[in-house]
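Residue-level listing of the chains:
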Amino acid sequence: MALYLGIELSEGQLRVVKLRAQYRKLVVEGIYRVPRAPGPEGIAMAAQAIRGALATPPDGVGVAIPGTDAALRPLSLPKALLRRGPKVLAAELEGQLPFDVDSAVIDAQLVRDGEVAELLAAGARVERVSAVIDALKSADLDPREVGVMPLALGELSSAFVEWSSPDPVLLVHAYESRADVCVLAGGKVQFARTLTGQSTPAVRERFLKDIDRFARDRDVPVVQFERGQRKDDIANARRYTNDQHSNLNPPARTHSQALSEPNPGCACLFHSLLESRH
């Protein structure tokens, strides 16, 4: 039975989920946190501790790098232009990234199809992504996929049927000094951003404006919490509204069924770099 590892890289830890393939299903065997020191050496040492706890090498490894190590940008491209390949992405991102496109690895995933395709593009410095790959390879944990938090949160939509609903779903993953924010709709990531505790007021204001604009463009209600207000009250009201539109919900699936099905809306990023290093 095949063994798979999913690794989330944060500033002070490696978070690991251990999955076992059993009869065309994936079963979670364990979830671990391994402290790490700064830099690639810290990643390598933590990875060696993970590998040392395994009886055999895993059959597959996927890793998500911190959102602060990448730049996420929305793009709109005519489908005919998109077929020309990665060079089109590089040209569109020229001047939009906080680093030179020539020194970056870039990829994108589809948000909305049409004559003009809407994409969410990601770019990261080649040296940073390469350092993570090399650190994991040194511990015999060679990654098949490299993703970016918070985009990787979108993969959860294949495990929770409610999150594959056509209605937008907001996911917030807060840890250490950062928070990953991801909006899903129809099982696809529509919006993603990483906030840090060191964010300036201007960055926070721009983020809130982005959320407001996203909600306004898609007629998504924004709920404001007041001091003393119970989240259960809002959750119950939201649940009642969803019940009135139950015909929009897809058929229920078991947890094991959901885990065994791929999610085409959340593609692995940085395929080109991985392929060039094998």
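Structure first, text after, so check above.
These numbers come from a predicted model, not from an experiment. (Residues numbered from 1 in each chain as written. Predicted model: local features only at pLDDT ≥ 70, side-chain atom pairs only at ≥ 80, totals over all residues. Heavy atoms only, no water.)

Participant: Summarise the overall build of the protein chain; cite the residues concerned and give the values.
Facilitator: Across its full length, the protein chain carries eight helices and 11 strands. When each of the 278 residues of the protein chain is scored for burial, the buried share is 41%. Put simply, the protein chain shows about 15,700 Å² of open surface, and 53% of that area lies on carbon and sulfur atoms. (Helix = DSSP H or I, 4+ residues; strand = E, 2+ residues; numbered from the N terminus. Buried < 20%, exposed > 50% of the residue type's maximum accessible area, 1.4 Å probe, protein only. Areas by Shrake-Rupley, 256 points an atom, 1.4 Å probe, with all protein chains shown as cover.)

Participant: Could you give me a rundown of the sheet that holds strand S8 (residues 145-148), with the residues and numbers involved?
Facilitator: An order of S3-S2-S1-S4-S8 is seen for the five strands of this open sheet, with the pairing classed as mixed. On the outer flanks of this sheet lie strand S3 (25-35) and S8, each paired with one strand and no other. Ignoring strand direction, the axes of neighbouring strands in this sheet form an average angle of 20 degrees. Relative to strand S4 (residues 60-65), strand S1 (residues 3-9) runs parallel, the two sharing five bridges. Counted as the bridge partner of Leu-5 is Val-61 from S4. Contacts from helix H1 (residues 39-52) reach S1, strand S2 (13-22) and S3, with the element oriented near 35 degrees to S2. (Pairing = 2+ DSSP bridges. Axes fitted to C-alpha atoms, helices over the stretch in contact; angles between N-to-C directions. Contact = heavy atoms within 4.5 Å.)

Participant: Account for the nonpolar core, with residues named and values stated.
Facilitator: Core analysis: the largest hydrophobic core is formed by 42 residues, its most contacted members being Ile-7, Leu-136 and Leu-141. Look past the residues within four positions of Ile-7 in its chain and what remains in contact with it is Leu-14, Arg-15, Val-16, Val-61, Gly-62, Val-63, Ala-64, Leu-136 and Leu-141. Counting 15 residues, the second-largest nonpolar core is a separate cluster that includes Ala-71, Leu-89, Val-101 and Ala-117. (Core = buried A, V, L, I, M, F, W, Y, C linked by side-chain atoms within 4.5 Å.)

Participant: Run through the pattern of salt bridges, naming residues and quoting values.
Facilitator: Following the criterion strictly, the structure yields eight salt bridges and no others. In this structure, Arg-128 and Asp-69 form a salt bridge, with 3.2 Å as the shortest nitrogen-oxygen distance. Of this pair, Arg-128 sits in helix H4 (residues 126-137) while Asp-69 sits in the loop between S4 and strand S5 (70-78), placing them 59 residues apart in sequence. Taking the relative accessible area as the measure of exposure, Arg-128 reaches 41% and is therefore partly exposed. Residue classification places Asp-69 among the partly exposed residues on the basis of a relative accessible area of 23%. Put simply, Asp-113 and Lys-79 hold a salt bridge, and the shortest N to O gap is 3.1 Å. You can see Asp-113 sitting in the loop between strand S6 (104-112) and strand S7 (116-125) and its partner Lys-79 sitting in helix H2 (residues 79-82), a full 34 residues away along the chain. (Salt bridge = Lys/Arg side-chain N within 4 Å of Asp/Glu carboxyl O.)

Participant: Hey, could you go over the environment of Gln-48 for me, with residue numbers and the actual values?
Facilitator: Along the chain, the position of Gln-48 falls in helix H1. In the structure, Gln-48 is positioned 87 residues away from Ala-135 in sequence and 9.2 Å away in space, judged by C-alpha atoms. Beyond its immediate stretch of four places on either side in the chain, Gln-48 contacts Ser-138 and Ala-139.

Participant: Explain the side chain of Arg-51 to me, and be specific about the residues and the numbers.
Facilitator: Relative to the elements of secondary structure, Arg-51 occurs in helix H1. In this structure Arg-51 touches Thr-56, Pro-57, Ala-139, Asp-140 and Leu-141, once residues within four positions along its chain are discounted.

Participant: Break down the environment of Lys-87 for me, citing the residues and quoting the values.
Facilitator: Looking at the element boundaries, Lys-87 is found in helix H3 (residues 86-93). Overall, the relative accessible area of 74% leaves Lys-87 in the exposed class. Sequence-wise, Lys-87 and Ile-106 are 19 residues apart; in three dimensions their C-alpha atoms are separated by 9.8 Å.

Participant: Can you tell me about H1, naming the residues and giving the values?
Facilitator: Counted at 1.5 Å a residue, the expected span for H1 with its 14 residues is 20 Å, and the 20 Å between its end C-alpha atoms agrees. Those residues of H1 that sit buried are Gly-42, Ile-43, Ala-44, Ala-46, Ala-47, Ile-50 and Arg-51. Where H1 is buried, its residues meet S1, S2, S3 and H4. (Expected span 1.5 Å × (residues − 1).)

Participant: I'd love a proper account of the pairing of S1, names of residues and values included.
Facilitator: Buried residues dominate S1, accounting for five of its seven residues. Relative to S2, S1 runs antiparallel, the two being bridged by seven bridges. Counted as the bridge partner of Leu-3 is Arg-20 from S2. As consecutive antiparallel partners, S1 and S2 are separated by three residues.

Participant: A description of the sheet that holds strand S10 (residues 178-185) should follow, citing residues and the corresponding values.
Facilitator: Across the sheet, three strands lie side by side as S9-S10-S11; this open sheet has antiparallel pairing. Each edge of the sheet is formed by a strand with only one pairing partner; in this case those strands are strand S9 (169-175) and strand S11 (188-196). Averaged over all pairs of adjacent strands, the angle between strand axes in this sheet comes to 15 degrees, irrespective of strand direction. By the bridge criterion, eight bridges tie S10 to S11 in an arrangement that is antiparallel. Note on S11: the bridge partner recorded for Val-181 is Arg-193.

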